[in-house]
Amino acid sequence: MKDFKTILTLTGLIIFIFSIERFYTEALSYNPSKELKIKEREKENPLSTKRGTSATDQVEARLRPLNSLFGIEKVKKTSPQVSPPPPANPPAVTPPPPETPPQLVLKGIILEPDGRLRAFIEINGKKIVSLRKGEGIENLTVTDIKERSVSLRWKDQIVELSIEQKRR
């Protein structure tokens, strides 16, 4: 009977050790962002090497899973829109009422590892976009990001967003 208990105890101990080792290799040391980076890099350029990645690319690769989790779209930099000069003799028509900018809510500002600030802005209560200074979407362009506020240009207007609540 004593030998049976010893064998059962040793068997349980061996199974426990193997399960701990498997847990470590498959759960604790697993790095999904590394696999995502490799797959995305192969899709973009199958002949690329790991040495060619910049710090910005590495940060964006780390943020991709979070961005997709929260529905944040990647936004490309846009150049300022240049409108043609107005005609010399404008027609005598009453101007339309000024348009109102979309409903914007500043959700947060983060400091990236490369030292630049990134703002998360909700547009019309539907989507959240991630923007840096100089980037834009639709008719909005980020002109400045500070610790607690963001300045945007919408058409010819400047829109200020702040994290702090307005006091009445």
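Everything numeric in this text was worked out from a predicted model, so none of it was measured.

*Asks:* A description of the overall build of the chain should follow, citing residues and the corresponding values.
*Replies:* Counting its regular elements, the chain contains three helices and eight strands. Moving toward the C terminus, one meets the helices and strands of the chain in the order α-α-α-β-β-β-β-β-β-β-β. By the burial criterion, 23% of the 168 residues in the chain qualify as buried. Of all intrachain contacts in the chain linking residues separated by at least 6 positions in sequence, the fraction that spans at least 24 positions is 42%.

*Asks:* Talk me through the pairing of strand β8 (residues 157-162); I want residue IDs and the actual numbers.
*Replies:* Within a regular beta strand, the side chains point alternately toward one face of the sheet and then the other, so they alternate between its two faces. Bridge analysis of strand β7 (residues 149-154) against β8 gives six bridges, and the strand direction is antiparallel. Within the sheet, the bridge partner assigned to Ser 149 lies in β8 and is Ser 162.

*Asks:* Which residues make up the nonpolar core, and what values do they have?
*Replies:* Of all hydrophobic cores here, the largest spans 17 residues; its most connected members are Leu 104, Ile 121, Val 150 and Leu 152. Mapped onto this core, the elements with two or more residues apiece are β2 (104-111), β3 (117-123), β4 (127-131), β6 (140-145), β7 and β8. If near-sequence neighbours (up to four positions away) are discounted, Leu 104 is found in contact with Ile 121, Glu 122, Ile 123, Leu 140, Leu 152, Val 159 and Leu 161.

*Asks:* Please provide a residue-by-residue account of the sheet that holds β7, values included.
*Replies:* In spatial order, the strands read β5-β6-β7-β8; together these four strands make up an open sheet with antiparallel pairing. In this open sheet, the two strands that pair with only one neighbour each are β5 (136-137) and β8.

*Asks:* Explain the pairing of β2 to me, using residue names and the numbers behind them.
*Replies:* Pairing between β2 and β3: seven bridges, direction antiparallel. Bridge assignment links Leu 111 to a residue of β3, and that residue is Leu 117. A loop of five residues connects β2 with β3, the two strands running antiparallel in sequence, and Gly 115 in this loop sits at a positive phi of about 95°.

*Asks:* Tell me about unusual backbone geometry, residues and numbers included.
*Replies:* Phi is mostly negative for residues that are not glycine, and the peptide bonds are mostly trans. The phi dihedral of Asn 124 falls on the positive side, at around 55°, and the residue is not glycine. Take Asn 124: it is sitting in the loop between β3 and β4. You can call Asn 124 partly exposed: its relative accessible area is 39%. For Lys 155, which is not glycine, the phi dihedral falls at a positive 55°. Tracing the chain through its elements places Lys 155 in the loop between β7 and β8.

*Asks:* Tell me about the pattern of salt bridges, and name the residues and values.
*Replies:* When the charged atoms of two side chains with opposite charge come close together, those side chains can pair. The final tally for this structure, using the stated rule, is five salt bridges. Linking Arg 118 and Glu 112 is a salt bridge whose minimum nitrogen-to-oxygen distance equals 2.5 Å. Assigned by exposure class, Arg 118 and Glu 112 land together as buried. Glu 112 is the partner of Arg 132 in a salt bridge, and the nearest nitrogen-oxygen pair spans 3.0 Å. Of the two residues, Arg 132 is situated in the loop between β4 and β5 and Glu 112 in the loop between β2 and β3; the sequence distance between them amounts to 20 residues. When sorted by exposure, Arg 132 lands in the same class as Glu 112, which is buried. In the salt-bridge network here, residues are joined through shared partners; they are Glu 112, Arg 118 and Arg 132.

*Asks:* Which residues make up the side chain of Ser 149, and what values do they have?
*Replies:* Locating Ser 149 in the fold gives a position in strand β7. Not counting the four nearest positions on each side in its chain, Ser 149 is found in contact with Leu 106, Ile 109, Asp 144, Leu 161 and Ser 162.

Scoring rules and cut-offs
Residues numbered from 1 in each chain as written. Predicted model: local features only at pLDDT ≥ 70, side-chain atom pairs only at ≥ 80, totals over all residues. Heavy atoms only, no water. Helix = DSSP H or I, 4+ residues; strand = E, 2+ residues; numbered from the N terminus. Buried < 20%, exposed > 50% of the residue type's maximum accessible area, 1.4 Å probe, protein only. Contact = heavy atoms within 4.5 Å. Pairing = 2+ DSSP bridges. Core = buried A, V, L, I, M, F, W, Y, C linked by side-chain atoms within 4.5 Å. Salt bridge = Lys/Arg side-chain N within 4 Å of Asp/Glu carboxyl O.

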